[in-house]
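Reading the structure
Chain by chain, the residues run as shown.
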Amino acid sequence: MGMTYVQKVIAKACGKKSVAVGDVVEPSVNLAMSHENGALAMTQFQEIYREIDLEAKIWDPDRIAIIFDHRVPAESAKTATNQKKLRAFVGEQGISKFHDIRGDEGGICHQILPENGYVRPGEVVVGTDSHTTSHGALGAFAFGIGATEMAAVWALGKVLNVEVPGTIKVEVNGNFQKNVGPKDLILHLIGKISSEGANFKVLEFHGETIRSMSTSGRLVICNMSVEAGATAGIVPPDDETIRYLREVAGVTDELDIFSPDDDAVYEKVVEVDASSLMQQIACPHTVDNIKNIDEVVGTRIDQIVVGSCTNGRLDDIETAAKFLKGKKVNKKTRMLVFPATWRIYREALKLGYLGDIIDAGAVVCNPGCGPCLGVHQGALGDNEVALATTNRNFKGRMGNPGAEVYLCSPAVAAASAITGVITIPAQEGN
Amino acid sequence: MGKVVYKIGDDVSTDIIYPGRFMATVLPTETPQFAFADDKEFNAKLNNKEIPAGSFIAADKNFGCGSSREQAASCLKGWEVTIVAKHIARIFLQNSINLGLNVLICPDIDADMGDELEVSGDVLKNKTSGKEFKIAPLPAARQAIIDAGGLIAYTRTRLMADKS
Ligand code: SF4
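For every chain, the first residue of the written sequence is number 1, and numbering continues from 1 along that sequence. Labels follow written order: the first chain is A, the first ligand is 1, and so on. Where local features are concerned, this predicted model is filtered to residues with pLDDT of at least 70; where side-chain atom pairs are given and counted, the filter is 80 or more; whole-chain, interface and lining totals use all residues. Working from all heavy atoms in the structure, the side-chain values ignore hydrogens and water.

It is worth spelling out the overall build of chain A at this point. Numbered from the N terminus, helices here are DSSP runs of H or I no shorter than four residues, and strands are runs of E no shorter than two. Helix and strand counts for chain A stand at 15 helices and 18 strands. All radius of gyration figures rest on C-alpha atoms, and the globule criterion is 2.2 Å times the number of residues raised to 0.38. For 430 residues, the compact-globule estimate of 2.2 N^0.38 gives 22 Å, and the C-alpha radius of gyration of chain A, at 21 Å, lies within 12% of that figure. Each principal axis of the C-alpha atoms in chain A carries an extent, and together these give about 65 × 55 × 40 Å. Within chain A, buried positions represent 64% of all 430 residues. Residues are treated as being in contact if the distance between any of their heavy atoms lies within 4.5 Å. Of all intrachain contacts in chain A linking residues separated by at least 6 positions in sequence, the fraction that spans at least 24 positions is 75%. When the accessible surface of chain A is summed, it comes to about 14,400 Å², and 47% of that surface belongs to carbon and sulfur atoms. Chain A carries 42 positive and 53 negative side-chain charges, and their two centres are separated by 5 Å. Think of it in three bands: residues with accessible area under 20% of the maximum for their type are buried, residues over 50% are exposed, and the middle band is partly exposed, with areas taken using a 1.4 Å probe on protein chains only. Each accessible area is a Shrake-Rupley estimate made with a 1.4 Å probe; only the visible protein chains count as cover when residues are assessed. Just so you know, the count uses Lys and Arg for positive and Asp and Glu for negative, and it drops His and the chain ends. Each charge is placed at NZ for Lys, CZ for Arg, CG for Asp and CD for Glu.

Rendered as structure tokens:
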């Protein structure tokens, strides 16, 4: 019987010829990523060794990535102290893939990993962050785990007791209409299959729309696969994957590129016609509360946010800049833009995008999670409404359970910034 | 045996269970105070020790969706409550098992505030309504971890086995 892409990755990571859905396996890990919550993984890691007569040494310090992004620069003494402890741990253990709060190499973990060539096709990647699913865009089996599970990975170099997940095939064909794109596609899919529609399953993306999509777009759809409950989202690697890894990520070593078998068994096939989609909006307070934009046009917005690991890449910032160039952010709203990494920030600066954005009246924040969490930046006031290119609109997400968050694409966010209400970007004549 | 002390609906995210603004607090000994912090009434009941160990929190589908933050499991573990839900999101379920938080997946659960619940084998009895519900088995892969008393203990035995 043929194998799906994830079955092949897991079989490889277990040194087996094949694995079947439901098999309990222990795949070895190629990369294990944490951010500030590595502080908890560190405590649990030390706890593992407290009662046994072994030295507390990470299995392979070159396979650990620690990226400070959730609260940078630190918003409180507590965070700064956690970061300080982790910094010391990184030094003691010799962890090489460490990205501190720095303008030359910092940023959001899910963009730092691909950008730096830390993720390759056919690998197993785990992260103490639910959006670790992002890295499926490069053909890795990448999924989120908790901090204690990470401590076990640090100790053993494998994920213990994993069940091989079933796969849902998502087949996307057709060309997007103007100002419709990957974000609208994934929002539509989540609405279609629901927030639990892919729980414990992998979404494997196929079709001509996916094949002609840039890695940036693939990162968007894999990033948000977790919002349908998926363990992982995966785009089987192709020429675009290789192009990205060589040209953008600077990877020079050999790559292991393979595809799912033609006779792979899928639990379900979901088909989407991309050409029939209009802009999609996730309405408060669940990501699967999806509406076509025309149903919510005119909704008043207090804060517009463009950025995050979902939509803070150069093409997203470019879209925002193109809409805003020579225009003004409406006085009835405010706009925050946060590029995902400092590399993107620098490129956007060079290309003049940040200048256009600032001139229009938007605030450019430093790369990091900032307003997405609303912990130390960009929190909402009581009863305020936000429109954001981020990935979650749960109650309390932007720091205030008494506020509302709508999710959208960068084009919708930027067009709406000019009017102060939810606006269909095509009408802006970009 | 215990009473349903809190009843919540679908898609209760980890942002609700443990709001992001408390994420700098990581130690399992310190997280319980912030459980359901945005529901002032329930949070106060927990902190005033009005919720006895063994009480049930009854939820509908997709409990614990969203962020992988483990504080969402450790804060509830600290109060020794049991979660019963129609269906639980993957990462939260794994975190719960790893930390030893009691979770029951009960697809047909029907229980109101104050109902008395009792687990017996793979059946959950609602003593107040007299109805019984089947408890779905946890993923087979996780049973070894539960049997070992949590992931830390399990990892220790694995390390020692690798050594010898
Ligand atoms: S930008 Fe938001 S969703 Fe992405 S890693 Fe940061 S907090 Fe998580």
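For chain B, the count of helices and strands is 6 helices and 7 strands. Helices and strands in chain B line up, N terminus first, as β-α-α-β-α-β-α-β-β-β-β-α-α. Since a compact globule built from 164 residues should have a radius of gyration of about 15 Å, the 16 Å found for chain B is in line with a globular shape. Taken along the three principal axes of its C-alpha coordinates, chain B extends 55 × 35 × 25 Å. A total of 164 residues make up chain B; the buried ones form 57% of that total. Residue pairs in contact within chain B that sit at least 24 positions apart in sequence constitute 61% of those at least 6 positions apart. With the model as given, the accessible surface of chain B reaches about 6,500 Å², and the carbon-plus-sulfur share is 53%. Placing the 19 positive and 21 negative side-chain charges of chain B at their respective mean positions leaves the two points 4 Å apart.

Residues and elements named next belong to chain B. It is the contact of helix H4 (residues 90-99) with helix H5 (residues 140-148), at a shortest axis distance of 8 Å, that shows an interaxial angle of 25°. Taken as axis vectors, H4 and H5 run roughly parallel relative to one another. Here H4 contributes Gln94, Ile97 and Asn98 to the contact with H5, which in turn contributes Arg142, Ile145 and Ile146. A per-class count over the contact of H4 with H5 returns 3 nonpolar, 2 polar and 1 charged. Fitted lines through C-alpha atoms serve as axes, helices being fitted only where they are in contact, and the angles separating the N-to-C directions of these axes extend from 0 to 180 degrees. We call two directions roughly parallel when the angle between them is under 35 degrees, roughly antiparallel when it is over 145, roughly perpendicular when it lies between 65 and 115, and oblique otherwise. Residues are sorted three ways: Asp, Glu, Lys and Arg are charged, Ala, Val, Leu, Ile, Met, Phe, Trp, Tyr, Cys and Pro are nonpolar, and all the rest, Gly among them, are polar.

Relative orientation and spacing of two packed helices are given, respectively, by the angle between their axes and the distance between those axes. At a minimum axis separation of 10 Å, helix H5 (residues 147-156) of chain A and helix H6 (residues 151-163) of chain B run at an interaxial angle of 5°. Taken together, the axis directions place H5 of chain A and H6 of chain B in an arrangement best described as roughly parallel. Counted together, Thr148, Glu149, Ala152, Ala155 and Leu156 of chain A of H5 of chain A and Leu151, Ile152, Thr155, Arg158, Leu159 and Asp162 of chain B of H6 of chain B form the full contact between these two elements. A class-by-class count of the residues in the contact of H5 of chain A with H6 of chain B yields 6 nonpolar, 2 polar and 3 charged.

A few words now on the pairing of strand S6 (residues 141-144) of chain A. Residue and element names in this part refer to chain A. A two-sided burial pattern is seen for S6, the buried positions comprising Phe141 and Phe143 on one face and Ala142 and Gly144 on the other. Whether two strands pair comes down to DSSP finding at least two bridges between them. In this sheet, S6 lies alongside strand S5 (residues 124-127) in parallel orientation, the contact comprising 4 bridges. Bridge pairing in S6 links Val126 to Phe143.

We now examine the nonpolar core. One finds Leu189, Leu203, Phe205, Ile281, Met335 and Ile357 of chain A to be the most contacted residues of the largest nonpolar core, which totals 89 residues. Among the elements that line this core, the one with the most residues is helix H15 (residues 410-419) of chain A, at 7 residues. The split of the chain into domains comes from an automatic or database domain assignment. The two domains that each donate at least three residues to this core are domain 1 (5-272) and domain 2 (280-419) of chain A. With residues near it in sequence (within four places) discarded, Leu189 of chain A still touches Val170, Leu203, Phe205, Val270 and Val272 of chain A. For our purposes a nonpolar core is just a set of buried Ala, Val, Leu, Ile, Met, Phe, Trp, Tyr and Cys residues, chained together by side-chain atoms within 4.5 Å. In this structure, Val72, Phe98 and Val162 of chain A together with Tyr6 of chain B belong to the second largest nonpolar core, which totals 88 residues.

Before going further, it helps to spend a moment on the packing of aromatic side chains. All names here are of chain A. Note on ring pairs: Phe, Tyr and Trp rings are taken, using the six-membered ring of Trp, and paired if centres are within 6.5 Å. Classes follow the plane angle, with under 30 degrees stacked, over 60 edge-to-face and the rest tilted. This model, assessed by the stated rule, comprises 15 aromatic pairs over all chains. Here Phe45 and Trp154 contribute two aromatic rings whose centre-to-centre distance is 5.9 Å and whose plane-to-plane angle is 70°, an arrangement assigned as edge-to-face. With Phe45 in helix H2 (residues 38-50) and Trp154 in helix H5, the pair connects residues that are 109 residues apart, well separated along the chain. Grouping residues by exposure puts Phe45 and Trp154 together as buried. An aromatic cluster is present here, built from Phe45, Tyr49, Phe89 and Trp154 joined pairwise through their rings. Above the ring of Tyr118, the side-chain terminus of Lys97 is found at 5.3 Å from the ring centroid. Cation placement over rings: the criterion is NZ of Lys or CZ of Arg within 6 Å of the ring centroid and within 35° of the ring normal.

Let us look at the site of the ligand. Residue proximity to a molecule or strand is established when one non-hydrogen atom of the residue lies within 4 Å of it. Around the ligand, the neighbouring residues are His70, Ile108, His110, Asp129, His131, Ser308, Cys309, Cys369, Cys372, Leu373, Asn391 and Arg397 of chain A. Elements with a minimum of two residues in the shell around the ligand: helix H10 (308-311) and helix H14 (370-373) of chain A.

Mapped onto the elements, Glu30 of chain B comes out in the loop between helix H1 (14-17) and helix H2 (40-47). We classify Glu30 of chain B as partly exposed; its relative accessible area is 31%. Along the chain, Glu30 of chain B and Cys75 of chain B lie 45 residues apart, while their C-alpha atoms are 7.9 Å from each other. In this structure, Glu30 of chain B is in contact with Lys78 of chain A together with Thr25 of chain B, ignoring residues within four places of it in sequence.

Glancing now at the environment of Gly191 of chain A. Residues and elements named next belong to chain A. Tracing the sequence through the fold places Gly191 in helix H6 (residues 182-193). Placed 97 residues apart in sequence, Gly191 and Asp288 show a C-alpha to C-alpha distance of 4.4 Å. Not counting chain neighbours up to four residues away, the residues in contact with Gly191 comprise Asp288 and Ile290.

With that settled, the discussion passes to the domain arrangement of chain A. Residues and elements named next belong to chain A. For chain A, the assigned domains read domain 1 (5-272) and domain 2 (280-419). Centre-to-centre separation of domain 1 and domain 2, based on C-alpha positions: 24 Å. Counting residues at the interface gives 35 residues for domain 1 and 36 residues for domain 2. Once two parts are put together, the accessible area they lose, assessed with a 1.4 Å probe and summed over both, is termed the buried area. Buried area between domain 1 and domain 2, both sides added, is near 2,900 Å², and the carbon and sulfur share of it is 57%. Looking at the side of domain 1 facing domain 2, the largest losses of area belong to Ile108, Lys183 and Leu187, adding up to 20% of the total buried there.

Attention now moves to the sheet that holds strand S4 (residues 97-99) of chain A. All names here are of chain A. Strand order in the open sheet formed by 5 strands is S4-S3-S2-S5-S6, and the pairing between neighbours is parallel. Each end of this open sheet is capped by a strand with a single partner; those strands are S4 and S6. Averaged over all neighbouring strand pairs, the angle between strand axes comes to 15°, with direction disregarded.

This part takes up H15 of chain A. Residue and element names in this part refer to chain A. In terms of residue burial, H15 counts as a mostly covered element, since 9 of its 10 residues are buried. Along its buried surface, H15 packs onto strand S12 (280-282), strand S14 (303-307), H10, helix H11 (314-324), strand S15 (334-338) and strand S17 (385-388). Just downstream of H15 lies Gly420, where phi reads positive at about 85°.

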